[in-house]
Amino acid sequence: DTGVSQDPRHKITKRGQNVTFRCDPISEHNRLYWYRQTLGQGPEFLTYFQNEAQLEKSRLLSDRFSAERPKGSFSTLEIQRTEQGDSAMYLCASSALAGGWNEQFFGPGTRLTVL
Amino acid sequence: SQKIEQNSEALNIQEGKTATLTCNYTNYSPAYLQWYRQDPGRGPVFLLLIRENEKEKRKERLKVTFDTTLKQSLFHITASQPADSATYLCALDIRNNDMRFGAGTRLTVKP
């Protein structure tokens, strides 16, 4: 296992289109996080899963965003009816909560550009 | 409101000097705090974790302090090198190992 992977690495779409991103976490990790990051800002929490259960969703996340983690393995993040303000880097991270400390391992991110 | 603030967006220092980055927070009571490094176009990479009952933690040239009274963590890089140039992020455990990140400080170490 070489770490967290994300696909695609880059996505350019037109406003109003739907997009879906995939994240494959480190295999033994039970927690999976989605973040959004814009230039000059830190990662902004979107949602996280423990195994297949979505435990928290940011209040900043509109109903156009949905995430799934079927079977507690990979996860998908879908954005419907994209807007220009959705342009950002979308980061996925996973953690094992080994010893109770949540060291997160990040993927390379998916850069979304909405035209 | 809850805030995580990192000092100045950018910090420039000369090679060999000690870089000190600050993370202040309000209206949180984290059980622990983490520091990450992020290079352009890449995801953050974990560096250090410090628990609420620890005052200081060291790893090679890195040192982190955590003052829960001041609600502040300091991150030091001693004998800095140009390769240390990156953005450094602090992250707080806000509850149940749910993490929140600061905006980061961009460090540039000049030769």
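That block above? That's the structure.
Residues numbered from 1 in each chain as written. Chains lettered and ligands numbered in written order. Predicted model: local features only at pLDDT ≥ 70, side-chain atom pairs only at ≥ 80, totals over all residues. Heavy atoms only, no water.

**Observations concerning the interface of chain B and chain A**
A common measure of how large an interface is: the accessible area buried when the components associate.
Next, step 1: Listed by partner, the interface residues are 20 residues for chain B and 23 residues for chain A.
Next, step 2: With both sides pooled, the region where chain B packs onto chain A buries about 1700 Å², and carbon together with sulfur makes up 51% of that total.
Next, step 3: Seen at the junction of chain B and chain A, the total is one salt bridge.
Next, step 4: Across the salt bridge formed by R100 of chain B and E56 of chain A, the nearest N and O atoms sit 3.2 Å from each other. (Contact = heavy atoms within 4.5 Å. Buried area = accessible area lost by both parts, 1.4 Å probe. Salt bridge = Lys/Arg side-chain N within 4 Å of Asp/Glu carboxyl O.)

**Points about the side chain of R69 of chain A**
All names here are of chain A.
Next, step 1: Assignment of secondary structure puts R69 in the loop between β7 (65-68) and β8 (75-79).
Next, step 2: The charged side chain of R69 is buried without a salt bridge, its nearest counter-charge being E52 at 7.0 Å.
Next, step 3: There is a polar contact of 3.1 Å between the side chain of R69 and the backbone oxygen of N51.
Next, step 4: Here the side chain of R69 touches S73 through a polar contact of 2.8 Å, landing on its backbone oxygen.
Next, step 5: Residue contacts for R69: discarding those within four places in its chain leaves P25, H29, N30, R31, L32, F49, Q50, N51, E52, F74 and S75. (Helix = DSSP H or I, 4+ residues; strand = E, 2+ residues; numbered from the N terminus. Buried < 20%, exposed > 50% of the residue type's maximum accessible area, 1.4 Å probe, protein only. Lys, Arg positive; Asp, Glu negative; His and termini not counted. Polar contact = N/O pair within 3.5 Å; in protein donor to acceptor, adjacent residues only side chain to side chain.)

**Topic: the pairing of β8 of chain A**
All names here are of chain A.
Next, step 1: With four of five residues buried, β8 lies mostly within the body of the structure.
Next, step 2: Pairing analysis gives five bridges linking strand β3 (residues 19-24) to β8, with the strands arranged antiparallel. Note on β8: the bridge partner recorded for T20 is E78.
Next, step 3: Across four bridges, the pairing between β7 and β8 is antiparallel. Considered in β8, the bridge of F65 is made with I79. (Pairing = 2+ DSSP bridges.)

**Structural notes on the packing of aromatic side chains**
Next, step 1: This structure, assessed with the given rule, holds 14 aromatic pairs over all chains.
Next, step 2: Ring centres of Y33 of chain A and Y35 of chain A lie 6.0 Å apart, and the angle between their planes is 15°; on these two criteria the pair is classed as stacked.
Next, step 3: Aromatic side chains Y36 of chain B and F101 of chain B sit 5.3 Å apart centroid to centroid with 55° between the ring planes, which places their arrangement in the tilted category. A residue pair is termed long-range when its members are at least 10 positions apart, and Y36 of chain B in strand β4 (residues 32-38) and F101 of chain B in strand β10 (residues 98-101) qualify at 65 residues.
Next, step 4: Under the relative-accessibility criterion, Y36 of chain B is labelled buried at 0%.
Next, step 5: An aromatic cluster is present here, built from Y33, Y35, F45, Y48 and F106 of chain A together with Y36, F46 and F101 of chain B joined pairwise through their rings.
Next, step 6: Sitting over the face of the ring of F74 of chain A, R22 of chain A holds its NZ or CZ atom 3.9 Å from the ring centroid.
Next, step 7: Sitting over the ring of F45 of chain A, R100 of chain B keeps its end group 3.9 Å from the ring centre. (Phe/Tyr/Trp six-rings, centres within 6.5 Å; stacked < 30°, edge-to-face > 60°. Lys NZ or Arg CZ within 6 Å of the ring centre and 35° of its normal.)

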